Amino acid sequence: MRLLITIIKGMMIGIANVIPGVSGGTMAVSLGIYDKMIGSVSGIFRHLKESIAFLFPLLLGCGIGIAGFSYAIEYLLSKHTFVTCMTFVGLILGGLPVIYAGLKVKKSESGSGIGVSAVLAFVIAFAFSAGLPMLKGGENMLETIPATGANMAILFILGIVASATMVIPGVSGSMVLMILGYYYGIINLVKGFLDALRAMDMAAMKEGILLIIPFGIGVAVGIILIAKLISFLFDRFGVQTYCAILGLVISSPFAIFYNTGLFGSLSSLSVWAVFLGILLMIAGAVLTNFVGEK
C-alpha cells in the first residue's frame, strides 16, 4: 500500500511539473515528502539501497504523470482554465498544515522564534515567486526541436536548469522553460516520442531518444546539485528555509492565475464554473492532506 501511495505522490508531482506556474517542489512539500526526497537525492551515494527504494517508485509515478498529462494539459488549460487552476491551488494549499508543522519542529530544535531573517526570507521568496511569471513574454517560438548536436547540448543545459527549479518549492520548472522559449518544444517532444512508441516508428523513436536522453541526464545532474544545497540550508538555516518555502507556496495561486491569464477572464466566468472550481479546490486540498499523511 505504501508503495502505491508513493507512486501516486510521484504522479501528482509529475503532473504539477507539466503545468506552467505550478511547482513540483511545492507539490512535494504539500505531500509531506520534500525532506525525504531531498535527503534521498543528496545522500544517494552514501545510502544507495534506501535512496533507490524510495526514489524509484516516486520517479516512476512522476514519469507516468508527465507522460499522461502532456496530452491533456493544452486542452484543460484552454477549455477549462479556471477549474484546472483551482484544482491545483487546492492541491498546493492543502499542504500548508504540513509545512507549518515542519516549521514548528525547526523552531523547537533551534530554541528560537521567527526572527527578522526568517520574515525577510518569507518576503523575498513570496516576491520572487509572484514576480517570476511576469518575466514571461509572448508565445513560445519553438514548437519542435530538431535532433542536432547543438540542440542536444542545449537540452542538457535546459535539463539542469529546469530540474533545479522543479526541486525548489514555488518555482515552476515548466514556467522557466516557457520563459526560455522551450516549453512547447519539450512537451511536443514527449508527445511525439510516445506517439512513435505506440506506432513502433523506429526512425521517430530514435530521433526522440537522441533528444530525451541529454535532457534526462541534465535533469538528474540538476536535481543532485540543488538537493545538496537545500539539504545544507535545512541543516543550517531550518527556520529561515521553512519561512521561505511558506512564502513560495502562499504566492503560488497568484503565479498560477497570472501565468494562465485568468485575471483577465474572471469576470466572464459562469456560476457553475466558479462553483465547480471551488468544489475541486476543496477536494484537492483534502486529497493532498490525506495522501500527505500516508
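All of the points below concern the structure found in this document. It should be emphasised that the depicted structure is a prediction, and the values quoted were computed from it without experimental measurement.

Thoughts on the overall build of the protein chain
For step 1, the next point in the chain: A count of helices and strands for the protein chain gives 14 helices and 0 strands.
For step 2, the next point in the chain: When the helices and strands of the protein chain are placed in sequence order, the string is α-α-α-α-α-α-α-α-α-α-α-α-α-α.
For step 3, the next point in the chain: Buried residues in the protein chain amount to 48% of all 294 residues.
For step 4, the next point in the chain: Taking the intrachain contacts of the protein chain between residues at least 6 apart in sequence as the baseline, contacts between residues at least 24 apart amount to 82%.
For step 5, the next point in the chain: Accessible surface for the protein chain amounts to roughly 14300 Å². Of this, 74% is attributable to carbon and sulfur atoms.

What to know about unusual backbone geometry
For step 1, the next point in the chain: Phi at Met200 takes a positive value of approximately 55°, unusual for a residue other than glycine.
For step 2, the next point in the chain: Of note, Met200 is situated in the loop between helix H10 (183-199) and helix H11 (202-236).
For step 3, the next point in the chain: You can call Met200 exposed: its relative accessible area is 53%.

Quick notes on the packing of aromatic side chains
For step 1, the next point in the chain: Tallied over the full model, the rule gives 4 aromatic pairs.
For step 2, the next point in the chain: Taking the centre distance of 6.4 Å and the plane angle of 75° together, the rings of Phe82 and Phe257 count as edge-to-face. Taken together, the residues Phe82 in helix H5 (residues 81-93) and Phe257 in helix H13 (residues 252-259) connect sequence positions 175 residues apart. The exposure classification of Phe82 matches that of Phe257, with both residues buried.
For step 3, the next point in the chain: Where Phe122 meets Phe126, the ring centres are 6.2 Å apart and the plane angle is 25°; that geometry is what we call stacked. In this pair, Phe122 and Phe126 are both assigned in helix H7 (residues 116-131), 4 residues apart and thus about one turn of the helix distant.
For step 4, the next point in the chain: Under the relative-accessibility criterion, Phe122 is labelled partly exposed at 27%.
For step 5, the next point in the chain: Overall, the relative accessible area of 33% leaves Phe126 in the partly exposed class.

A short note on the pattern of salt bridges
For step 1, the next point in the chain: Counted according to the given criterion, the structure contains 2 salt bridges.
For step 2, the next point in the chain: Put simply, Lys106 and Glu109 hold a salt bridge, and the shortest N to O gap is 3.7 Å. Linking Lys106 with Glu109, this pair stays in helix H6 (residues 96-110), spanning 3 residues, or about one helical turn.
For step 3, the next point in the chain: Take Lys106: its relative accessible area is 18%, and that puts it in the buried class.

So, the nonpolar core
For step 1, the next point in the chain: Formed by 57 residues in total, the largest nonpolar core has its most connected members in Met27, Tyr34 and Phe257.
For step 2, the next point in the chain: Once you skip the residues sitting within four places of it in the chain, Met27 turns out to touch Met12, Ile13, Ala16, Phe88, Leu91 and Ile92.

Describing the side chain of Ser251
For step 1, the next point in the chain: Within the secondary structure layout, Ser251 lies in the loop between helix H12 (238-250) and H13.
For step 2, the next point in the chain: With a relative accessible area of 1%, Ser251 lands in the buried category.
For step 3, the next point in the chain: Within the structure, the side chain of Ser251 is placed 3.1 Å from the backbone oxygen of Gly247, a separation counted as a polar contact.
For step 4, the next point in the chain: Each residue touching Ser251, except ones within four places of it in the same chain, is listed here: Phe126, Ser129 and Ala130.

A look at H7
For step 1, the next point in the chain: Compared with an ideal rise of 1.5 Å per residue, which puts 16 residues at 22 Å, H7 spans 22 Å between its outermost C-alpha atoms and is within 8% of the ideal.
For step 2, the next point in the chain: Looking at H7, one finds that the buried residues are Ala118, Ala121, Ala125, Ser129 and Ala130. Down the axis of H7, the smallest arc covering the buried residues is 145°, so these residues share one side. Projecting away from the buried face of H7 at angles above 90 degrees are the exposed residues Val116 and Ile124.

Side note on a nonpolar patch on the surface
For step 1, the next point in the chain: Residues Phe156, Ile157, Val161, Ile209, Ile213, Ile217, Val221 and Leu225 make up a contiguous nonpolar surface patch of roughly 650 Å² in combined accessible area.
For step 2, the next point in the chain: Elements with a contribution of two residues or more to the nonpolar patch: helix H8 (149-167) and H11.
For step 3, the next point in the chain: Here the element with the most residues in the nonpolar patch is H11; it accounts for 5 residues.
For step 4, the next point in the chain: Its place among the elements puts Ile217 in helix H11.

Focus on H6
For step 1, the next point in the chain: With 15 residues, H6 should cover 21 Å at 1.5 Å per step; its first-to-last C-alpha distance of 21 Å lies within 8% of that length.
For step 2, the next point in the chain: Regarding H6, the residues found buried are Ile99, Gly102, Leu103 and Lys106. Summarising the axial view, the buried residues of H6 lie within an arc of 100°, below the 170-degree limit, and thus occupy one face.
For step 3, the next point in the chain: Buried positions along H6 lie against helix H2 (24-30), H11 and H12.
For step 4, the next point in the chain: Where H6 terminates, the next one or two residues include Gly111, which has phi positive at roughly 70°.

How each quantity is defined
Residues numbered from 1 in each chain as written. Predicted model: local features only at pLDDT ≥ 70, side-chain atom pairs only at ≥ 80, totals over all residues. Heavy atoms only, no water. Helix = DSSP H or I, 4+ residues; strand = E, 2+ residues; numbered from the N terminus. Buried < 20%, exposed > 50% of the residue type's maximum accessible area, 1.4 Å probe, protein only. Contact = heavy atoms within 4.5 Å. Areas by Shrake-Rupley, 256 points an atom, 1.4 Å probe, with all protein chains shown as cover. Phe/Tyr/Trp six-rings, centres within 6.5 Å; stacked < 30°, edge-to-face > 60°. Salt bridge = Lys/Arg side-chain N within 4 Å of Asp/Glu carboxyl O. Core = buried A, V, L, I, M, F, W, Y, C linked by side-chain atoms within 4.5 Å. Polar contact = N/O pair within 3.5 Å; in protein donor to acceptor, adjacent residues only side chain to side chain. Expected span 1.5 Å × (residues − 1). Arc of directions from axis to C-beta. Patch = residues over 30% accessible without salt bridge, like charges linked within 9 Å, V, L, I, M, F, W, Y side chains within 5 Å.

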